Amino acid sequence: MSHKLDQAFEKALAYIDSNIAAPLNIDSLATIADLPACHFQHLFYSLYRLSIEQYVELLKSLQAAHQLGFGEQIPLEAIAINLGYSNEADFVDSFTHSIGQSPQSFKQAPDWNNFFAKQQPLKSFQSPQDGMFSADVEIVSMNALTLASVTHNGPMKAMPKTIEHFIRWRQQYAVGPGVGRTFNLVHSQPQAQPYRMDIGVSLDDETYARLTSTGLTEEGIETNIIVAGRYAKLSVTTDKQNSDINAVLHAAVDYLYRIWLNEHPYSLRNSPLMFERLSIGRSVEPGTELQQSVDIYLPLQ
């Protein structure tokens, strides 16, 4: 894979532009860009500040706007079909969301300043200095680990219920923080709908054997494997009890994908991004600050 990510994505974007009406296929786009599929959407968002789905919808809407704004007498239904929408209503909703005007309103009185502003993500990457996160990244090797995990695959706002379910399972089967390490395997970006992430705890041989006939058969609990190999490790910590660890994680992941990876001679492996939650179960004295610590692991070839 090219380590100049802009060059890698130019191939995928050219393909999208030439096949705008085709169904979106992340695996195919990742192959064209020579990037692992499980990292494609993370990289795309870090570089363009849009999800791949938002990008395609914006590109379709801009093409439609050219037709509407220059007086072409094309029915909305025909434009919708040509751009791959299943019906006119879906096209109208997408256009209105992307452009800020309905197709009918744009045709009658187009806001050209807004139109040209909307094209900026199609022209260049965001500045690497925007939101810079500075940190030391360590290259480490990790042995294979067996996990007991639960998968969250739904709205981000429903994540607490998934976490609560997993906590109850760990308490019921005595798999506390002192027994195993707590990991998140991140399969999609936070903006994705649905959002998919595995929440798991590592199991040594003794714990795995103990749970095989009981805890690992419970509904919603699966066994998973963290693949052995090389990782880029970035540690983040927040010291304030009310600070947003998720915001810190977002900035750190953005740094890894958008800046660090583009500046170093490493290739991504087709294994998911991981968080290890180091402060799970840590008790503090009343009135003291709660330190939240997370190690981020980016799989490398």
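Rules used throughout
Residues numbered from 1 in each chain as written. Predicted model: local features only at pLDDT ≥ 70, side-chain atom pairs only at ≥ 80, totals over all residues. Heavy atoms only, no water. Core = buried A, V, L, I, M, F, W, Y, C linked by side-chain atoms within 4.5 Å. Buried < 20%, exposed > 50% of the residue type's maximum accessible area, 1.4 Å probe, protein only. Helix = DSSP H or I, 4+ residues; strand = E, 2+ residues; numbered from the N terminus. Contact = heavy atoms within 4.5 Å. pLDDT = per-residue confidence, 0-100. Pairing = 2+ DSSP bridges. Axes fitted to C-alpha atoms, helices over the stretch in contact; angles between N-to-C directions. Polar contact = N/O pair within 3.5 Å; in protein donor to acceptor, adjacent residues only side chain to side chain. Expected span 1.5 Å × (residues − 1). Bend = angle between axes of the 7 residues up to and from the residue. Phe/Tyr/Trp six-rings, centres within 6.5 Å; stacked < 30°, edge-to-face > 60°. Lys NZ or Arg CZ within 6 Å of the ring centre and 35° of its normal.

## Describing the nonpolar core
Residues F40, F91, W169 and I296 are the most contacted members of the largest nonpolar core, which totals 75 residues. Residue contributions to this core peak at 10 residues, all from helix α12 (residues 245-263). Setting aside anything within four residues of it in sequence, one finds F91 in contact with A64, L76, I79, A80, L83, Y85 and P103. Counting 10 residues, the second-largest nonpolar core is a separate cluster that includes L147, F183, M274 and Y297.

## Digging into the confidence of the model for the protein
For the protein, per-residue confidence averages 86 on the pLDDT scale, and residues scoring 70 or more make up 88% of the total. Looking over the protein, one finds the lowest element-wise mean pLDDT in helix α9 (residues 120-123), namely 63, and the highest in strand β1 (residues 138-142), namely 97.

## Re the sheet that holds strand β3 (residues 182-186)
Taken in spatial order, the eight strands of this open sheet run β1-β6-β8-β7-β3-β4-β2-β5, and their pairing is antiparallel. Each edge of the open sheet is held by one strand with a lone partner, namely β1 and β5 (222-226). The sheet shows a mean angle of 35 degrees between the axes of neighbouring strands, taken without regard to direction. In this structure, strand β7 (residues 273-277) lies alongside strand β8 (residues 292-300), joined through four bridges in antiparallel fashion. What sits directly across from R277, in β8, is V294. Seen against the sheet, α12 touches β1, β6 (229-238), β7 and β8 and runs at an angle of roughly 25 degrees to β8.

## Observations concerning the pairing of β8
Most of β8 is tucked away: nine of the nine residues are buried. Side chains of β8 alternate between two faces, with Q292, V294, I296, L298 and L300 and S293, D295, Y297 and P299 buried alike. Sheet topology places β6 next to β8; nine bridges connect them, and they run antiparallel. The residue of β8 that forms the bridge with A232 is L298.

## Regarding the side chain of H39
Mapping H39 onto the fold places it in helix α3 (residues 37-48). Using a relative accessible area of 0% as the deciding quantity, one classes H39 as buried. Within the structure, the side chain of H39 is placed 2.9 Å from the backbone oxygen of R269, a separation counted as a polar contact. When residues no more than four places from it in sequence are discounted, the contact partners of H39 are Y257, L268, R269, S271, P272, L273, L298 and P299.

## Some points on α12
Owing to its 3.6 residues per turn, the α-helix aligns residues three or four sequence positions apart on the same side. Here α12 contains 19 residues, and its C-alpha end-to-end distance of 26 Å stays within 8% of the 27 Å for a straight helix at 1.5 Å per residue. A maximum bend of about 35 degrees is found in α12 at L256. Within α12, burial applies to I245, L249, A252, V253, D254, Y255, L256, Y257, R258, I259, W260 and L261. Here the buried face of α12 lies against α1 (5-18), α3, β1, β6, β7 and β8.

## Considerations on the packing of aromatic side chains
Scanning the entire structure with this criterion turns up 15 aromatic pairs. Taken together, a centroid distance of 5.6 Å and an interplanar angle of 70 degrees make the contact between F9 and F44 edge-to-face. Here F9, found in helix α1, pairs with F44, found in helix α3; they are 35 residues apart in sequence, far enough to count as distant. Here F9 matches F44 in class, with each residue buried. Measuring from ring centre to ring centre gives 5.8 Å for F95 and F106, while their planes differ by 75 degrees; the resulting arrangement is edge-to-face. Here F95 is found in helix α6 (residues 88-99), whereas its partner F106 is found in helix α7 (residues 103-108), with 11 residues between them in sequence. Here F95 matches F106 in class, with each residue buried. Here a set of aromatic residues connected by ring pairs shows up, and it is made of F9, F40, F44, Y48 and Y55. Stacked on the ring of Y85, the Lys or Arg K60 has its end atom at 4.6 Å from the ring centre. For R269, the ring lying beneath its charged end belongs to Y231, and the centroid distance is 4.8 Å.

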